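Observations on chain architecture
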Amino acid sequence: MVNLEKIIEDTAVKMLQLAVTELPPDVMNALKKARERETNERAKKILDTLITNAEIAKERRVPICQDTGLIIWYVKVGEDFPIKSKLYEILKNATIRATKEVPLRPNAVDPITEKNTGNNTGPHVPYINWEIVPGNELHLTVLPKGGGSEYWCRLYMIKPIEGLNGAIKCVLQTLKEAMGKPCPPLVIGVGIGGGADIALKLAKKAILRPLDDMHPNPKVAELEQRVLNLANKLGIGPMGLGGDTTCLGVKVEVAARHVATYPVGIVIQCWAARRCSVIINKDGSVRYLTHKV
Ligand code: SF4
């Protein structure tokens, strides 16, 4: 009989290792394409350095960046998948193990005591986004989100009359304030509508989308491309030192809004756009979606 608990925990540890040491192929490709297009000599050198850094990290299985992030899980669990009630504990244990085994930098600090717990866990951390779906599979995605880019995430509550142009202004305003500090080139997640919390949740989930995908709603896809073009015209460039490549991608998700409000959530992701996704079947088989294992 398969030991599903152990399979999930071991897989989750492996996912954390893969996530922090190997960029998903869509991110590597986006960096390489940006390097080909880039016209600024200094920016070309920086992009070369980022690409080499990512290649060395993968080869030696060492973290791409010293900040291995705050650990966020996205869990889509099939209604026929067993041991649902144990999943939180399993993912927490995996996070503690990965902190030692990978290793990850301990980043979780209790905001009341100001003590670092030393194992990347604490109140509500690792944070888990839950979704119950039909079927007998468990979809797991881990997002180790670095603090330098998280610092520049923003929520705007604009007037409904400002509409989409207002939302675009919010993104550009955020980028102009941040400049090189969140380690561009960036991936920008934008959540429009819902309430304040929903807009930010959608924005963070948006940065998990592969960079080469296209939003199924053509109007949203067009908006993503428009914001990307405008962002790359700002000239901020890799690491804020000038160039054509400020953003690798813009991903937008929308929710219905209250008639009187227009929330715009903006999540900034640095060039080290790390994530790992798998599907675990209830028979114990594991399929990696973002990495070759
Ligand atoms: S913003 Fe990203 S690349 Fe920069 S230090 Fe933080 S995790 Fe590392």
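What counts and how
- Every chain's residues receive numbers from 1 upward, in the order its sequence appears when written.
- Given that this is a predicted model, residues contribute local features only at a pLDDT of at least 70 and side-chain atom pairs are listed and counted only at 80 or more, while totals for whole chains, interfaces and linings are drawn from all residues.
- Computation of side-chain values covers all heavy atoms of the structure but excludes hydrogens and water.
- Under the scheme applied here, a residue whose accessible area is under 20% of the maximum for its type counts as buried, over 50% as exposed, and between as partly exposed, the area being computed with a 1.4 Å probe on protein chains only.
- To qualify as a helix, a DSSP run of H or I must reach at least 4 residues; to qualify as a strand, a run of E must reach at least 2; elements of each kind are numbered from the N terminus.
- A pair of strands is labelled paired if DSSP reports no fewer than 2 bridges between them.
- To obtain an axis, a line is fitted to C-alpha atoms, over the contacting stretch when the element is a helix, and the angle between two such axes runs from 0 to 180 degrees between their N-to-C directions.
- Here, residues are in contact when the closest pair of their heavy atoms is within 4.5 Å.
- The criterion for a residue being near a molecule or strand is simple. One of its heavy atoms has to lie within 4 Å of it.
- Three classes are used, and their members are as follows: Ala, Val, Leu, Ile, Met, Phe, Trp, Tyr, Cys and Pro are nonpolar, Asp, Glu, Lys and Arg are charged, and the others, Gly among them, are polar.
- Where each domain starts and ends comes from a domain assignment, either automatic or drawn from a database.
- By this rule, a helix spans an expected 1.5 Å times one less than how many residues it contains.
- The arc in question is formed by the directions pointing from the helix axis toward the C-beta atoms.

1. Some points on the pairing of strand 3 (residues 137-145)
Along a regular strand, successive side chains alternate from one face of the sheet to the other. In terms of burial, strand 3 is a largely internal element, 7 of the 9 residues being buried. Here 8 bridges tie strand 1 (residues 70-78) to strand 3, and the two strands are oriented antiparallel to one another. Looking at strand 3, one finds that leucine 70 is bridged to lysine 145. Pairing geometry for strand 3 and strand 8 (residues 276-281), over 6 bridges, is antiparallel. Residue threonine 141 lies in a different strand from strand 8, and its bridge partner there is serine 277.

2. Remarks on the sheet that holds strand 5 (residues 186-194)
Taken in spatial order, the 4 strands of this open sheet run 4-7-5-6, and their pairing is mixed. The open sheet has two free edges, formed respectively by strand 4 (154-158) and strand 6 (247-257), since each of these has just one partner strand. The average angle at which neighbouring strand axes cross in this sheet is 15 degrees, direction not considered. Sheet analysis places strand 4 next to strand 7 (residues 262-269), joined by 5 bridges and oriented antiparallel. Looking across to strand 7, one finds that methionine 157 is bridged to proline 263. Strands in contact with helix 8 (residues 218-232) are strand 5 and strand 6; relative to strand 6, the strand with the most contacts, it is inclined by about 135 degrees.

3. Some details on the side chain of serine 277
You can see serine 277 is positioned in strand 8. Under the relative-accessibility criterion, serine 277 is labelled buried at 10%. The residues contacting serine 277, other than those within four sequence positions of it, are Met15, Leu140, Thr141, Arg287, Tyr288, Leu289 and Thr290.

4. Thoughts on the site of the ligand
Close contacts around the ligand come from Cys65, Gln66, Asp67, Gly146, Gly148, Ser149, Pro182, Cys183, Cys270, Trp271 and Arg274, and that covers them all. Split by residue class, the shell around the ligand holds 5 nonpolar, 4 polar and 2 charged. Both of domain 1 (4-22 + 64-146 + 274-288) and domain 2 (148-269) provide at least three residues apiece to the shell around the ligand.

5. Overview of helix 6 (residues 163-178)
For helix 6, spanning 16 residues, the distance from its first C-alpha to its last is 23 Å, which sits close to the expected 22 Å at 1.5 Å a residue. Elements that come into contact with the buried residues of helix 6 comprise strand 4, strand 5, helix 8, strand 6 and strand 7.

6. Some details on the sheet that holds strand 8
Pairing is mixed in the open sheet, where 5 strands are placed in the order 2-1-3-8-9. Sheet topology places strand 2 (127-133) and strand 9 (286-288) at the edges, where each strand pairs with a single neighbour. Ignoring strand direction, the axes of neighbouring strands in this sheet form an average angle of 15 degrees. Summarising the sheet, strand 1 and strand 2 pair through 7 bridges and their orientation is parallel. Bridging across to strand 2, glycine 78 finds its partner in valine 133. Packed on one face of the sheet, helix 4 (residues 87-101) meets strand 1, strand 2 and strand 3 and runs near 145 degrees to strand 1. Seen against the sheet, helix 7 (residues 196-206) touches strand 1, strand 2 and strand 3 and runs at an angle of roughly 85 degrees to strand 2.

7. Details of the environment of asparagine 3
Note that asparagine 3 resides in the segment before helix 1 (4-21). When the C-alpha atoms of asparagine 3 and methionine 179 are compared, they prove to be 49 Å apart, with 176 residues separating the residues in sequence.

8. Here we look at helix 7
Within the sequence span of helix 7, burial applies to Ala199, Ala203, Lys204 and Ala206. Looking straight down helix 7, one finds its buried side chains confined to an arc of 160 degrees; they lie on one side.

9. Some remarks on unusual backbone geometry
Residues apart from glycine generally show negative phi values, whereas peptide bonds are mostly found in trans. In this structure, proline 126 follows valine 125 across a cis peptide bond, with omega equal to 5 degrees. Turning to its location among the elements, proline 126 is positioned in the loop between helix 4 and strand 2. With an omega of 15 degrees, the peptide bond running from proline 184 to proline 185 counts as cis. Within the element layout of this structure, proline 185 appears in the loop between helix 6 and strand 5. The phi angle at asparagine 120 is positive, at roughly 65 degrees, despite the residue not being glycine. Looking at the secondary structure, you find asparagine 120 in the loop between helix 4 and strand 2. The phi dihedral of histidine 124 is positive, around 65 degrees, even though this residue is not glycine.

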